[in-house]
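Coordinate analysis (summary)
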Amino acid sequence: MLGSLRGLLRAVQHNALHLLPQRGFSHFPAPRMRLIQFQSSTSAGRRIGLELDGERVIDLNAFDSSLPCGMREFLEGGDAALQIAKRALDSGQHILSRSQLSILAPITNPEKVICIGMNYVDHCQEQNVPVPKEPIIFSKFPSTIVGPYDSIVLPAESQEVDWEVELAFVIGKKGKNIKVEDAMEHVAGYTVAHDVSARDWQMKRNGKQWLLGKTFDTFCPLGPALVTKDSISDPHGLGIRCRVNGKLVQDSNTNQMVFRTEALIAWVSQFVTLNPGDVFLTGTPPGVGVFRKPPVFLKAGDVVECEIDELGVISNPVV
């Protein structure tokens, strides 16, 4: 199994190396199914909704009180829960104004946050290092997750906090030893992620293991919505960019990914069972602060915007 999958990964890597960088951003109609978690000024607790546009949200729990109020539990409901959401979308009922709501991360309590390192061809070129032959896997703790507009808190223990915009996908169906050709059946949708990174802890301390540098509280903003996979033209052909204080610092395309969604699911599911709500962060393109000359790191008062075509923008102040 491992041998055949390594062959597939080498083929994917070979194809990726021949992709030319594409910096433009395509424009498509707004995705149809944008699932969110929110809190309302008129009701207590977390709720599930559908984002219609910048001004309106459908309250799914008001449409059907049998639906759970958390995204992980909603995804565990499978196709039946999604069908209820589609009926709510068609109904045009239970619409709330965004001004009444606080938008949370689209999933706040995943069992696992699985991250992929060195997964963009152009990011490897930026560092003058070889493109990996197998996915580089690390993790963040779920406690890193904050909402799309929440603050990133600079830890006193680090002086070198960096930005990394990333495409994330969320598992919607349990699986183990998943075949590449079946992998997309296990994907609920995609969202924007920010893999905030303390480079001093990642690169200089704790034996240069990545975990501690990646997993400080607030180091994983997510959002603004979980966009279902059938609402996206091609997750591996999206413009991806990051701005710090309005300045463009990362600008690439997800077609630069070495290992794509299907390969990552097949690879990781050899080792662990994937469950609904598990989050994958799929790597970052070039332009991070640590490889600038001289290096640049985040400071209190900065604002970081991470944007991916068709998925949206998250904007997080640094405090």
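None of the values given here were measured: they were computed from a predicted structure.

1. Some words on the UniProt feature "domain: Fumarylacetoacetase-like C-terminal" (unreviewed entry) in the chain
The sites that carry the UniProt feature "domain: Fumarylacetoacetase-like C-terminal" (unreviewed entry) are, in the present numbering, residues 112–319. Across residues 112–319, helical content stands at 12% and strand content at 33%; the span's end C-alpha atoms are separated by 26 Å.

2. Considering the pairing of strand 10 (residues 165–171)
Burial runs high along strand 10: 7 of the 7 residues are buried. Because side chains alternate across strand 10, one face comprises the buried residues Val165, Leu167, Phe169 and Ile171, and the other comprises Glu166, Ala168 and Val170, equally buried. When strand 10 meets strand 11 (residues 187–194), the two strands line up antiparallel, connected through 7 bridges. Pairing of Glu166 across the sheet is with Ala193, part of strand 11.

3. Quick word on the side chain of Thr282
Along the chain, Thr282 falls in the loop between strand 16 (279–281) and strand 17 (303–308). At a separation of 2.6 Å, a polar atom in the side chain of Thr282 contacts the main-chain carbonyl oxygen of Leu167. Residue contacts for Thr282: discarding those within four places in its chain leaves Ile116, Asn119, Tyr120, Glu166, Leu167, Phe169, Met257 and Leu264.

4. Things to note about the pattern of salt bridges
Side-chain pairs of opposite charge can arise whenever the charged atoms involved come near each other. Evaluation of the coordinates by the stated rule reveals 17 salt bridges. In this structure, the salt-bridge partner of Glu111 is Lys112, at a minimum N-O distance of 2.4 Å. When its relative accessible area of 40% is taken as the criterion, Glu111 is described as partly exposed. With its nearest N and O atoms 2.6 Å apart, the salt bridge here joins Glu164 to Arg199. On the criterion of sequence distance, the pair formed by Glu164 in the loop between strand 9 (161–162) and strand 10 and Arg199 in helix 6 (residues 199–203) is long-range, its members being 35 residues apart. Grouping residues by exposure puts Glu164 and Arg199 together as buried. It is possible to trace a salt-bridge network through shared partners that takes in Lys140, Asp162, Glu164, Asp195, Arg199 and Lys214.

5. Some words on the environment of Phe141
For Phe141, the location among the structural elements is in the loop between strand 7 (136–140) and strand 8 (145–146). For the pair formed by Phe141 and Ser233, sequence separation is 92 residues and the distance between their alpha carbons is 30 Å. Once residues lying within four places of it in the same chain are set aside, the contact partners of Phe141 are Leu211 and Thr215.

6. Structural notes on the packing of aromatic side chains
Scanning the entire structure with this criterion turns up 5 aromatic pairs. Ring geometry for Phe138 and Trp210: centres 5.1 Å apart, planes at 70°, overall edge-to-face. Taken as a pair, Phe138 in strand 7 and Trp210 in the loop between helix 6 and helix 7 (211–214) lie far apart in primary sequence, 72 residues in all. For Trp210, a relative accessible area of 25% gives the class partly exposed. Seen from their ring centres, Phe169 and Phe280 are 4.5 Å apart, and the 15° between their planes marks the pair as stacked.

Parameters at a glance
- Residues numbered from 1 in each chain as written.
- Predicted model: local features only at pLDDT ≥ 70, side-chain atom pairs only at ≥ 80, totals over all residues.
- Heavy atoms only, no water.
- UniProt positions renumbered as here; feature names shortened; annotations may be inferred.
- Helix = DSSP H or I, 4+ residues; strand = E, 2+ residues; numbered from the N terminus.
- Buried < 20%, exposed > 50% of the residue type's maximum accessible area, 1.4 Å probe, protein only.
- Pairing = 2+ DSSP bridges.
- Polar contact = N/O pair within 3.5 Å; in protein donor to acceptor, adjacent residues only side chain to side chain.
- Contact = heavy atoms within 4.5 Å.
- Salt bridge = Lys/Arg side-chain N within 4 Å of Asp/Glu carboxyl O.
- Phe/Tyr/Trp six-rings, centres within 6.5 Å; stacked < 30°, edge-to-face > 60°.

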